[in-house]
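Secondary and tertiary structure notes
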Amino acid sequence: MLDVDGHVTSWNPGAEQIKGYRADEILGRHFAVFYPPERVVTGDPDNPLREAARVGYHLDQGWRVRKDGSRFFADVAITALRASDGRLRGFAKVTRDETDARTRQERASRRFSDLCGVIPVGIALFDESGRVVDANDTLCRLLCLERDHLRGTHAADLLHPQDRDEPLLGSRPNSPADEAVHRVLARSDELPLHCDVRTAVSVHDDGSRFWLVAFQDVTDRQQQTERLRYEATHDALTGLPNRRAVRDLLGELMHGPDAERVAVLFCDVNNFKRINDSLGHDAGDEVVVELARRLREGVPPCCTAARLSGDEFVVVCPDVGGVGGLSRLAEVVSGVLRTAVPVRGQLVRVSAAVGGVVGADAAGRGEDLLRFADAAMYRAKRGGPGRVSLADPALVAAVDGQLRLETELREAIEGDGLTLHYQPITDGRGEILSAEALVRWHHPVHGLLSPGAFLPVAEQSDLLPDLDRWVLRTALAEAAGWPAPGGRHPSIAVNLSGLLPHHPEFAAEIAASIDESGIDPRRVVLELVETVLLDLPAGPRRVMEELAEQGVRFAVDDFGTGYSSLARLKDTPTQIIKADRQFVAGLGEDGRDLAIARAVAEFAHALGCLCVAEGVETRDQHDLLAGVGIDAYQGWLFSHALPREEFRDLLGDGRLHR
Ligand code: C2E
Ligand code: CA
Ligand code: CA
């Protein structure tokens, strides 16, 4: 016990054991004798008493001195004692010797700092002014700095110039310690060091603040993210920005102040398919790479050249005024793409159709700039190779109409707004072997539309797969209920141009439509154009073979228009070849067409296929075709494509009368 001034008034054996004084030696003396001399000088011993008198108690830890001068680490609790009238009577002071605990703690903290030295996370201690007090080896290594150089460095000087907007310390004082902030530090060689930074603020005994900061190096992860981002926005073959990058760039520019002056050029290489088909895909790739290089180097520096797909390039210009106007820019780009490219010791001449548009003409429809340029390119293409065409209000209006049509077509597919007509395919003697389903659209304004009018729309807007699905389901369901003239059910042929064997769901969708309709799979014919069948990877080919094993047949549609190699067609699982109507149309006038028809028939038979002639309009055509061994005929000579009911009636009649 102490009196109000701090003199010892009572002393127990525990106190004697810790401090070495006997009661008679210490009673009446001031308790400052327990304090080390350096703390007595600063007036320290009086503070705890004042504090205890004020708030009732005082807790303290620190070094104290025994009678023999040795020190011990004390845990001290001082409680104020008051009389019933509230007057201060003195203090009760409990002292515990914590020296062993203290040693334990020191050992632990030494172990802790050893740990800081070996963990692969950079750690630094910053003082209140934001300067490095200490740092572990990892941080020194990450920053390529000696510890002595690091000490005293201000936090702001650790940041890389690209990341100096927010201070390193205290930018988010209340963020939880486990919340990492991505920061970029500067290594001593000025390379960026990407880190996840976690900060904890703490307070020293003297009340000053300090920061403990952990830096986790995420440069690898950052580089990988950047690589992924690069890959997502760049074309792998040419390294040019891709469609997504163009969309992002245009989105940015069209929301900027100079949207009116933004220009887009859409370029499509003429006859690229022919280059690909005749010289092979590798050669085609070489041409594309070379054109990309020339385009990148040939466009004005402010412009961006990009590759959308196959042979489609785009040039985006942020300010067409700065490059002499749209037509000047279009001529430059057209000139760059009108060139000869050496491929395998051969000079391949190329040119491109170029369509252009400026933001000012886009009628506030910035997001459709690409489409307008694309439409202008199409118009250029119709004008002949190497042409340039610039969008005007009429073209923009036409594209707008097209976009409306797209929406309506999507609704028509979803809402059963389409119908199917059926055109018989006959053996030439009146028997209907099968019928081809041909899609029609009853448009509320434009009337009955044939596929030529809306398939391009479907293709533009990626609706072909949905359209094919609808046709497939509807045609098989309707055909399943057809009468069977002479006991023979005619087959049903369905054109597929969006739902193709490469499609992962192809087999499942075909099987589902067959199951749903209950039709005999042997009555199902799927018509694909020859270009789809070429270079068919093993997977899709296998899928076709499996369907063929169940009786489904595949027909090569429009045979002879795809520049395909006969040798490659030989390996595809097809059962029917449909000679394109362009050969039929020329029959009689040009002896060569008859020779071609004969060759096609013989080729088909050599492969074990049935040969069908399309577009047979006259008796003469039929007779000539019969003479060269054609197996079946389709055309107006026998019947137009008929609405569902009329076709049923025709089947009811049993035979075609020509
Ligand atoms: P295609 O597969 O070659 O179909 C034959 C086209 O020739 C049909 O035109 C048909 O009406 C027409 N045609 C038939 N006989 C004659 C004739 O004697 N003379 C002439 N000049 N033409 C004849 P349509 O129905 O306008 O179809 C055009 C193309 O649209 C089709 O050509 C096919 O590629 C595509 N198509 C039609 N229906 C569908 C469909 O349901 N799905 C898909 N994906 N494409 C379809
Ligand atoms: Ca067809
Ligand atoms: Ca055809």
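Just so it is clear, the structure is predicted and the values come from calculations on it, not from any experiment.

Right, let's talk about the coordination of the calcium ion (ligand 3) for a bit. Summarising the metal site, the calcium ion (ligand 3) is bound by the protein donors Asp557 (OD), Asp558 (OD), Glu614 (OE) and Glu614 (OE), whose distances to it range over 2.0 to 2.7 Å. Here the donor residues of the calcium ion (ligand 3) share one chain and are spaced in sequence as D-D-x55-E. In this model, the calcium ion (ligand 3) sits 3.8 Å from the calcium ion (ligand 2), the two metals being bridged by aspartate 557. With a relative accessible area of 7%, aspartate 557 lands in the buried category. Overall, aspartate 558 belongs to the partly exposed group, its relative accessible area being 25%.

Let's shift gears to the coordination of the calcium ion (ligand 2). Every protein donor of the calcium ion (ligand 2) is accounted for by Glu436 (OE), Asn495 (OD1), Glu527 (OE) and Asp557 (OD), and the metal-donor separations fall at 2.1 to 2.2 Å. Sequence positions of the residues that donate to the calcium ion (ligand 2) give the spacing E-x58-N-x31-E-x29-D.

Per the UniProt entry, the sites bearing "domain: PAC" (unreviewed entry) are residues 58-110 in this numbering. Between the C-alpha atoms that bound residues 58-110 the distance is 29 Å, and the span itself is 23% helix and 57% strand.

This next bit is on the domain arrangement of the protein chain. Interface size is often expressed as the accessible area that is lost when the parts come together. When cut into domains, the protein chain gives domain 1 (13-102), domain 2 (119-223), domain 3 (234-391) and domain 4 (416-653). The distance between the C-alpha centroids of domain 1 and domain 2 comes to 42 Å.

A separate point is the packing of aromatic side chains. Under the criterion given, the structure shown has 10 aromatic pairs. Measuring from ring centre to ring centre gives 5.8 Å for phenylalanine 31 and tyrosine 35, while their planes differ by 85°; the resulting arrangement is edge-to-face. The exposure class assigned to tyrosine 35 is buried, which follows from its relative accessible area of 4%. Between the aromatic rings of tryptophan 63 and phenylalanine 73, the centroid separation amounts to 5.1 Å while the plane-to-plane angle is 80°, which identifies the pairing as edge-to-face.

Turning next to the site of ligand 1. Of all residues adjacent to ligand 1, which total 20 residues, the nearest are Gln423, Ser497, Arg581, Glu617 and Trp636. Arginine 581 is positioned with one of its side-chain polar atoms (N or O) 2.8 Å from an oxygen atom of ligand 1. One nitrogen or oxygen atom from the main chain of tryptophan 636 is found 2.8 Å from an oxygen atom belonging to ligand 1. Mapped by element, the contributors of at least two residues to the shell around ligand 1 are strand 17 (432-443), helix 16 (451-460), helix 17 (464-480) and strand 21 (553-559). Tallying contributions element by element places strand 17 first for the shell around ligand 1, with 4 residues.

Now for the sheet that holds strand 3 (residues 88-97). Strands belonging to one sheet form pairs held by backbone hydrogen bonds; the direction of such a pair is parallel or antiparallel. Reading across the sheet, the 3 strands line up as 1-2-3 and stay open at both edges, with antiparallel pairing between neighbours. At either end of the open sheet lies a strand with only one pairing partner, and these are strand 1 (57-65) and strand 3. Ignoring which end each strand starts from, the neighbouring axes of this sheet average 25° apart. Its contacts with the sheet put helix 5 (residues 99-118) on strand 1, strand 2 (71-82) and strand 3, and the angle it makes with strand 2 is roughly 125°.

A word on the pattern of salt bridges. All chains considered together, the criterion is met by 42 salt bridges. Measuring nitrogen to oxygen at the nearest pair gives 3.2 Å for the salt bridge that ties aspartate 24 to arginine 22. Assessed through its relative accessible area of 42%, arginine 22 is described here as partly exposed. Note that glutamate 645 and arginine 644 form a salt bridge whose closest N and O atoms lie 3.3 Å from each other. Residue arginine 644 is classed as partly exposed on the basis of its relative accessible area, which comes to 40%. Beyond isolated ion pairs, a larger network of salt bridges with shared partners links Arg22, Asp24, Glu25 and Lys67.

To continue, consider the confidence of the model for the protein chain. Chain-level statistics for the protein chain give a pLDDT mean of 90 and a share of 97% at 70 or above. At the low end of the mean pLDDT range in the protein chain sits helix 21 (residues 566-569), at 73; at the high end sits strand 19 (residues 491-495), at 98.

Strand order in this open sheet of 5 strands is 5-4-8-7-6, and the pairing throughout is antiparallel. In the strand order of this sheet, the two ends are held by strand 5 (132-135) and strand 6 (181-186), each with one partner. Within this sheet the neighbouring strands show an average axis-to-axis angle of 35°, counted without direction. Alignment of strand 6 against strand 7 (residues 192-203), held across 6 bridges, turns out to be antiparallel. Looking at the pairing, valine 181 lines up with valine 197 of strand 7. Of the strands in this sheet, strand 6, strand 7 and strand 8 (209-217) touch helix 9 (residues 219-233), which is tilted by about 130° from strand 7.

Calculation rules
Residues numbered from 1 in each chain as written. Chains lettered and ligands numbered in written order. Predicted model: local features only at pLDDT ≥ 70, side-chain atom pairs only at ≥ 80, totals over all residues. Heavy atoms only, no water. Donors = N, O, S within 2.8 Å, 3.2 Å for Na, K, Ca; no water. Buried < 20%, exposed > 50% of the residue type's maximum accessible area, 1.4 Å probe, protein only. UniProt positions renumbered as here; feature names shortened; annotations may be inferred. Helix = DSSP H or I, 4+ residues; strand = E, 2+ residues; numbered from the N terminus. Domains from an automatic or database assignment. Phe/Tyr/Trp six-rings, centres within 6.5 Å; stacked < 30°, edge-to-face > 60°. Near = heavy atom within 4 Å. Polar contact = N/O pair within 3.5 Å; in protein donor to acceptor, adjacent residues only side chain to side chain. Pairing = 2+ DSSP bridges. Axes fitted to C-alpha atoms, helices over the stretch in contact; angles between N-to-C directions. Contact = heavy atoms within 4.5 Å. Salt bridge = Lys/Arg side-chain N within 4 Å of Asp/Glu carboxyl O. pLDDT = per-residue confidence, 0-100.

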